[in-house]
Structure formats: structure tokens, C-alpha cells
Amino acid sequence: MRIAVVGDPFFPAEVMADAIRALGAGDELVLLDLGPEVAEGAEGIREYVGSPADVSAVLDAHEVLVVHAAPVTAEVLDASPELRLVCCARGGPVNVDVAAARARGIEIVTAPGKNAHAVAELTLAFLVMLARRLRPAMDVLQHDGRIGESVLEGAAFMGAELRGRTLGLVGYGHVGGLVAELARGCGMHVSAFDPFVDGERMARDGVRHATLATLLAECEFVSLHARATAENENLIGARELAAMRPSSFLVNTARETLVDEGALRAALESGRLAGAALDVLRPPPDGGRHPLLDLPTLIVTPHIGGATFETLRRGAAMVAEGVCRYREGKLVIESQENIA
Ligand SMILES: NC(=O)c1ccc[n+]([C@@H]2O[C@H](COP(=O)([O-])OP(=O)(O)OC[C@H]3O[C@@H](n4cnc5c(N)ncnc54)[C@H](O)[C@@H]3O)[C@@H](O)[C@H]2O)c1
């Protein structure tokens, strides 16, 4: 089978190609790695790198296109009349024009949950870091450059343990479910709000089914794991932050659009929230320094949630599995209804 594999700086084509070669079917592969530049103007898709023209140029009567963050627009889908399958090594095909693929009878395979373990572990790390006040404790050494001699020095950084604390999860999909498992392992009491997941599944996991209002009012830690949609932009805004428990913490390892950053800044500056940890931030419109970065109660990382070696291997194995099922005519796309 002729398969085009298009990688990017996060996910090299070679890693995906290795997994496909390991199927042992002797497929004819062409590989391309896109650079980090983002071409403007690809309609109907988001979170991509490279340009549709780059991807189209590599397609030459290919039946399968395997990508991670490459833009798969109508132009790309039309570049190979033989194209029947797009494998996208991401949780959701945000960089694939799903409607255009459907209109052309081209199937889409994704890799739901491939990042879940990595993101859940980062979330747990954030909970510990916030509870134990790691940012100010590390800052004092970095800025003073002096290791104290007193065994009592830690008194200035008294923190809390997770055991017995309450955690509210907003979104209970792949990541949310794993965060619940890890947090319960640490002895936390976990509640979750997800309008699309029934309470029975949560109950089986030992998680309390809650409304958003209850969860915000009661939990000491609130962690966001909802998939970002047009409807839930600024899901956590000034009103929701004001409804959170005084001195509680907010964690966001999902997507930056879920949080109103101006309102979060005000809540941190006023001390209403004790702290926040974010893996995702909106880039400032002027390209300058993000105003949240200077807040001492904020922990921030540059979108590293899914950045583990295991995630790459898992994602590659999942797309290879999609190729295999397609070849065998067994492509049952359970998630087809969910991927739009
Ligand atoms: N930081 C990273 O590097 C990284 C990596 C992977 C995923 N993510 C993000 O983490 C989040 C969770 O990923 P996942 O794999 O668990 O996704 P998923 O699709 O398995 O689960 C998302 C859940 O969000 C729920 N949801 C949708 N709208 C909601 C709302 N308004 N309120 C509450 N819940 C809502 C859905 O019902 C679903 O159960 C997503 O936003 C994803 O983009 C981040």
C-alpha cells in the first residue's frame, strides 16, 4: 500500500513510519517532516503546523495519509484521488477537515487517549507542587543562591498533603478518568462534572458525580480536563472563579480557551485563589511576555502535557493499528461519531 507519513517537530515521521514498517506488510512509504512554521489561512482546522501545499506536494496516488499536526484540508484530501484513509496521531482530529473527508468517503482514524497517562501524571505533579508551595520554595533558592543551614528552614514553606483533600474534575474523559485514579491513590476525595458522561461510570470509579456549581463551591483543587469547544470558551471566568472556595487552587492541563486569563489573574492577585498551575496559556497578542508569568503563585509549563517518549510510541502504535485494520477491512471507527 502507498502510505504518506508526514511528521512535525513534535512527532517525527520516522517514529510513525517505524510502527507501520513493524506491521511487516511491505508498504511503500514516503516520509516528510514539516518545520515549525504555521501557514495562515487553512480554513476549518486548527492546531496545525506547516502548509497544506507542503502536504499536498508529497501525495502521489497515496491511499493512506498518516499525520500528527500536519494540516489536512480539502486541498490536501484532493491531492491524491486514491486517498481512502487519514490516520491522525492525536486525541482529536483538530487539524483534519472532518466534514471534507466525510464528503469524499475518506475515513479518519485518531489516537484517543494516547496522551492521557502523560497528562494525568503532569496534573498530579501540579497538585503536589501547588499543595507543597514548590514555586516559592524553589524561587527563594534560585534568587538567594544560598542553601540554609537550619533544619527548621522549611517552616517558611509550610504546605499541605493531598491525602484527605477534595479534588473536582471538570471533564471526565481519558485524562480526567486517569487523574481520578491517581488522585484517589493519593487519598484524595474526587468529584467530577461532565455533561456527557453518566454518573454510573464515575460511581464505579469511586468518584462523586457533581454539578459544576457544587464542584466549584466545595473542592480545594479544581482541575480542567474538558475538550475545548466553541461552546465552552471561558468556561472558568470571573463568576466561576468567585464561586470557588477561598484559597483553593486551579489546574489547567487541557486547553487555554477554557479559562478567562484576565479573571484568573485578578483572582490570584487578590489572593482569592491560593495558586494555579497551567500547562497551556494564550499567546499575548503583541507577542510579548505573558502577564501571568510574573505571578508568584502561578506554576506554568510550555504545553508539555503530552510530551513523553511513551506518548509518541503509543500514538505511532495506534495509527499503525488503524492502518492494519483498514487493510483487513475491519476498520470499525467507534469514535467516528465523536470526532467532529
Ligand atoms: N496539555 C497537553 O499536552 C494535552 C495533551 C492531551 C490532551 N490535552 C487536553 O486535555 C483535555 C482532555 O483530553 P482527553 O484525552 O481526556 O479528552 P476526551 O475527549 O477523552 O475527554 C474530554 C471530556 O470533556 C468533556 N467535556 C466536553 N465539554 C465539557 C464541558 N463543557 N464541561 C465538562 N466536560 C466537558 C467530554 O464529555 C469528554 O468526556 C482536552 O482538552 C485535550 O485537548 C492536553
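These lines cover the structure that appears in this document, whether it is placed above or below. (Residues numbered from 1 in each chain as written. Predicted model: local features only at pLDDT ≥ 70, side-chain atom pairs only at ≥ 80, totals over all residues. Heavy atoms only, no water.)

### Focus: the overall build of the protein chain
Of regular secondary structure, the protein chain possesses 12 helices and 12 strands. By the compact-globule yardstick of 20 Å for 340 residues, the protein chain fits well, its C-alpha radius of gyration being 22 Å. Overall, the C-alpha framework of the protein chain stretches about 70 × 50 × 35 Å when taken along its three principal axes. Counting all 340 residues of the protein chain, 46% fall into the buried class. Here the protein chain has roughly 16,300 Å² of accessible surface; of this, 54% comes from carbon and sulfur atoms. Computed over 31 positive and 46 negative side-chain charges, the separation of the two mean positions in the protein chain equals 6 Å. (Helix = DSSP H or I, 4+ residues; strand = E, 2+ residues; numbered from the N terminus. Rg over C-alpha atoms; globule rule 2.2 N^0.38 Å. Buried < 20%, exposed > 50% of the residue type's maximum accessible area, 1.4 Å probe, protein only. Areas by Shrake-Rupley, 256 points an atom, 1.4 Å probe, with all protein chains shown as cover. Lys, Arg positive; Asp, Glu negative; His and termini not counted. Charge placed at Lys NZ, Arg CZ, Asp CG, Glu CD.)

### Focus on the sheet that holds strand β12 (residues 298–300)
Strands belonging to one sheet form pairs held by backbone hydrogen bonds; the direction of such a pair is parallel or antiparallel. Taken together, the 7 strands give an open sheet; going across it, the order is β8-β7-β6-β9-β10-β11-β12, and neighbouring strands pair in parallel fashion. The open sheet has two edge strands, β8 (208–209) and β12, and neither has a second partner. Relative to strand β9 (residues 221–224), strand β6 (residues 166–170) runs parallel, the two being bridged by 4 bridges. Each bridged residue has a counterpart across the sheet, and for L167 the counterpart in β9 is F221. Of the strands in this sheet, β10 (248–252), β11 (273–278) and β12 are in contact with helix α11 (residues 261–269), which crosses β11 at around 140 degrees. (Pairing = 2+ DSSP bridges. Contact = heavy atoms within 4.5 Å. Axes fitted to C-alpha atoms, helices over the stretch in contact; angles between N-to-C directions.)

### Here we look at the pattern of salt bridges
For side chains of opposite charge, pairing can occur when their charged atoms come near one another. Under the definition given, this model contains 18 salt bridges. Where R289 meets D294, a salt bridge forms, and the shortest distance between an N and an O atom there is 2.8 Å. Looking at D294, the relative accessible area reads 49%, which means it is partly exposed. Via salt bridges that share partners, R46, E47, R90 and R255 belong to a single interconnected network. (Salt bridge = Lys/Arg side-chain N within 4 Å of Asp/Glu carboxyl O.)

### What to know about the sheet that holds strand β3 (residues 64–67)
Pairing is parallel across the open sheet formed by 5 strands, whose spatial order is β2-β1-β3-β4-β5. Of all the strands in the sheet, just β2 (28–33) and β5 (107–109) have a single pairing partner and so form its edges. Taken pair by pair, the neighbouring strands of this sheet meet at an average axis angle of 15 degrees, ignoring direction. As paired strands, strand β1 (residues 2–7) and β3 are joined by 4 bridges and run parallel to one another. The residue of β3 that forms the bridge with I3 is V64. Running over the sheet, helix α12 (residues 309–327) touches β1, β3, β4 (85–88) and β5 and is turned about 160 degrees from β4.

### Regarding the site of the ligand
Close contacts around the ligand come from 25 residues, with H174, V175, D194, A226 and R227 the closest. For the ligand, an oxygen atom lies 2.9 Å from a polar atom in the side chain of R227. Measuring from an oxygen atom of the ligand, one finds a side-chain N or O atom of H303 at 3.1 Å. Its free accessible area being 870 Å², the ligand has 87% of it covered by the protein chains. (Near = heavy atom within 4 Å. Polar contact = N/O pair within 3.5 Å; in protein donor to acceptor, adjacent residues only side chain to side chain.)

### So, the environment of C87
Its location among the elements puts C87 in strand β4. What makes C87 buried here is its relative accessible area of 0%. Residues C87 and E43, 44 residues apart in the sequence, show an inter-C-alpha distance of 20 Å. The residues contacting C87, other than those within four sequence positions of it, are V64, L65, V66, V67, V109, V319 and V323.

### Focus on the nonpolar core
By size, the foremost hydrophobic cluster in this structure holds 28 residues, and its most contacted members are L167, L169, Y172, M188, V190 and F221. Per element, the largest residue contribution to this core is 8 residues, and it comes from helix α5 (residues 116–131). Apart from residues lying up to four places away in sequence, Y172 is in contact with G177, A180, A192, D194, V197, R201, M202, D205 and V207. One finds L224, L273, A276 and L298 within the second-largest nonpolar core, a separate group that totals 26 residues. (Core = buried A, V, L, I, M, F, W, Y, C linked by side-chain atoms within 4.5 Å.)

By themselves these figures say nothing about function.
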